[in-house]
Amino acid sequence: MISKKMKTFVSKSSTIRAMFEEGRRLAQIYGEENVFDFSLGNPNLEPPDSVKESVKYILDNESPNFVHGYMNNSGYEDVRKAIAEFINKKHGVNLSEENIVMTVGAAGGLNVILKSILNPDDEVITFAPYFGEYRFYCDNFGGVLKEVPPDFNTFEPDLKRFEETINNKTKAVIINSPNNPTGVIYSDSTLKSIAKILTRKSEEYGTSIYLISDEPYREIAYDGVEVPYILNYYKNSFVGYSYSKSLSLPGERIGYIAVDSEMDNFEEVMAALKVATRILGFVNAPSLFQRVVARNLDSEVDVNVYKKNRDLLYNHLVKLGFECVKPQGAFYLFPKAFIEDDKKFCEIAKEYNLLLVPGSSFGCPGYVRIAYCVSYEKIEKSLPAFTKLAERFK
């Protein structure tokens, strides 16, 4: 018998993955070219050529025992130093290798952070819509996730409701900007307000409330919009970064945690992150790709490809009558469904071979997520199917 907790987890297993598997089933029936799978945020762009070149160079020129061996649980010192210097130059902060812990992607990083800070029944606040796995991550360590609804006109946080949700059990707040699933980038004024609220509430309760910024989409931003860097706003912040999207390396599971030296009890926190990395069984982040990303800090995929996809699909859906905030980043659309039951809407969409994800999976029922990190040609071919879906409700 599996554990009671895992029974619950399995019963609530990822709707996103379930839709992805459904897409594979439909492709066998109708042909892959006739199935429009917008379920999974799996980048369709290839990694930059420099990534392949770096892999070859490292394997040819660095000692195999060094490249494939153990290192400090935080990661290679030279890799962490390179990343810290890159962040300092880009965002105007003052980090060193001691501020960086290499992680098994952003998801691994979030689990390391939560393992380090949560006691049973501590509460973690996040803003809907949010990546549904946050609930599992918090539950892993006895934490309780609390949702705060957005301003549905902008999909930025409802700051009044946020402040009302904070209490003496609040240990941390998770934000995700650019946001999955809306593509919204939290503004400078929003982040300043969040920082002020957390500072005020930390003083009120005599504690340190942490801010965790989940940043796998940081480099995927459009139209010249800047993504503010959270360490410039609030000292008790963690940045959980991933190269999954910026370098199209989701399967390599490589990222890092960055922490400012001004964080309360900094040395104790960093020691906890290192030990948590070991206790959770990661031991260290993948060794080869630590060295690869350090050689590709200035490399990125061409985000204009995603922008072209966004514009084609967004403009078509708006013409069809969908209500949708135009994404500023990431590679998702989050339109309002034509009926309140978003799960039923997604079932109806499958009749047109459209694989969408219900917004209820992200804490926002009545909406659907569409991942447009697919080929432009696939989006073009899907437009008649979206038209037929919309006409179904007119």
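See the structure above.
Note that the structure is predicted; figures quoted are calculated from it, not measured.

Calculation rules
Residues numbered from 1 in each chain as written. Predicted model: local features only at pLDDT ≥ 70, side-chain atom pairs only at ≥ 80, totals over all residues. Heavy atoms only, no water. Helix = DSSP H or I, 4+ residues; strand = E, 2+ residues; numbered from the N terminus. Rg over C-alpha atoms; globule rule 2.2 N^0.38 Å. Buried < 20%, exposed > 50% of the residue type's maximum accessible area, 1.4 Å probe, protein only. Contact = heavy atoms within 4.5 Å. Areas by Shrake-Rupley, 256 points an atom, 1.4 Å probe, with all protein chains shown as cover. Lys, Arg positive; Asp, Glu negative; His and termini not counted. Charge placed at Lys NZ, Arg CZ, Asp CG, Glu CD. Salt bridge = Lys/Arg side-chain N within 4 Å of Asp/Glu carboxyl O. Polar contact = N/O pair within 3.5 Å; in protein donor to acceptor, adjacent residues only side chain to side chain. Pairing = 2+ DSSP bridges. Right-handed = clockwise from strand over helix to strand, strands pointing away. Axes fitted to C-alpha atoms, helices over the stretch in contact; angles between N-to-C directions. Core = buried A, V, L, I, M, F, W, Y, C linked by side-chain atoms within 4.5 Å.

K.L.:
Explain the overall build of the protein chain to me, please; I cannot follow it from the model alone.
P.N.:
On a plain count of helices and strands, the protein chain comes out with 14 helices and twelve strands. For a compact globule of 394 residues, the expected C-alpha radius of gyration is about 21 Å, and the protein chain comes in at 21 Å, within 12% of that figure. Seen through its principal axes, the protein chain has C-alpha atoms that stretch 60 × 55 × 55 Å. Classification of the 394 residues of the protein chain by burial places 55% in the buried group. The contacts of the protein chain with a sequence gap of at least 6 include a subset with a gap of at least 24, amounting to 74%. Looking at the protein chain as shown, the accessible area adds up to about 17,500 Å², and 47% of this sits on carbon and sulfur atoms. Of the charged side chains in the protein chain, 47 are positive and 53 negative; the average position of the first set lies 4 Å away from that of the second.

K.L.:
What exactly am I supposed to notice about the pattern of salt bridges here?
P.N.:
Pairing is possible between side chains of opposite charge, provided their charged atoms come close. Taken as a whole, this structure holds 18 salt bridges when the rule is applied. Note that aspartate 223 is salt-bridged to lysine 307, the shortest N-O span being 3.7 Å. Highlighted residues: aspartate 223 in the loop between strand E6 (210-215) and strand E7 (237-242) and lysine 307 in helix H12 (residues 303-319), separated in sequence by 84 residues. Of the charged contacts, one joins aspartate 223 and arginine 310 as a salt bridge, the two residues approaching to 3.1 Å between their closest N and O atoms. Linking aspartate 223 in the loop between E6 and E7 with arginine 310 in helix H12, this pair joins segments that are 87 residues apart in sequence. The exposure class of arginine 310 is buried, given its relative accessible area of 1%. What emerges from the salt-bridge pattern is a single network uniting Asp223, Lys307, Arg310 and Asp311.

K.L.:
How do you make sense of the side chain of asparagine 179 when you look at a structure like this?
P.N.:
With respect to the element layout, asparagine 179 can be found in the loop between strand E5 (170-176) and helix H9 (188-205). A distance of 3.3 Å separates the side chain of asparagine 179 from the backbone oxygen of asparagine 176, its partner in a polar contact.

K.L.:
Can you walk me through the pairing of E5 in this structure?
P.N.:
Consecutive residues of a regular strand have side chains that alternate between opposite faces of the sheet. In terms of burial, E5 is a largely internal element, seven of the seven residues being buried. Where strand E3 (residues 123-127) meets E5, four bridges bridge the pair, whose relative direction is parallel. Of the residues in E5, the one forming a bridge with glutamate 123 is threonine 170. Strand direction decides the pairing type here: E5 and E6, joined by five bridges, are parallel. Counted as the bridge partner of asparagine 176 is aspartate 214 from E6. Assessed by its sense of winding, the connection that carries the chain from E5 through H9 to E6 is right-handed.

K.L.:
Could you clarify how one ought to interpret the sheet that holds strand E4 (residues 144-148) in this entry?
P.N.:
Pairing between the strands of a sheet comes from backbone hydrogen bonds, and it takes one of two forms, parallel or antiparallel. Strand order in the open sheet formed by seven strands is E2-E8-E7-E6-E5-E3-E4, and the pairing between neighbours is mixed. Edge positions in the sheet fall to strand E2 (100-103) and E4, since each has one partner strand and no second. Averaged over neighbouring strand pairs, the angle between their axes works out to 20 degrees when direction is ignored. Where E2 lies against strand E8 (residues 255-259), four bridges are found, and the strand directions are antiparallel. Following the sheet pairing, valine 101 is matched in E8 by isoleucine 257. Across the sheet, H9 lies against E3, E5 and E6, angled at about 175 degrees from E5, the strand it touches most.

K.L.:
Even after reading the chapter, I still don't get the environment of leucine 114, so can you show me in this structure?
P.N.:
Following the sequence through the fold, leucine 114 ends up in helix H6 (residues 105-117). Overall, leucine 114 belongs to the buried group, its relative accessible area being 0%. For the pair leucine 114 and glycine 142, spaced 28 residues apart in sequence, the C-alpha to C-alpha distance is 9.7 Å. When sequence neighbours within four positions are dropped, the list of residues in contact with leucine 114 reads Val124, Tyr137, Cys138, Phe141 and Ile212.

K.L.:
Would you take a moment to explain the nonpolar core for this structure?
P.N.:
One recurring pattern in soluble globular proteins is that nonpolar side chains are buried together. If you look at the biggest cluster of nonpolar residues, it comprises 82 residues, and the most contacted ones within it are Phe162, Phe238 and Leu273. In terms of nonpolar packing, the next biggest core, distinct from the first, is built from 39 residues, Phe36, Leu317, Ile348 and Phe386 among them.

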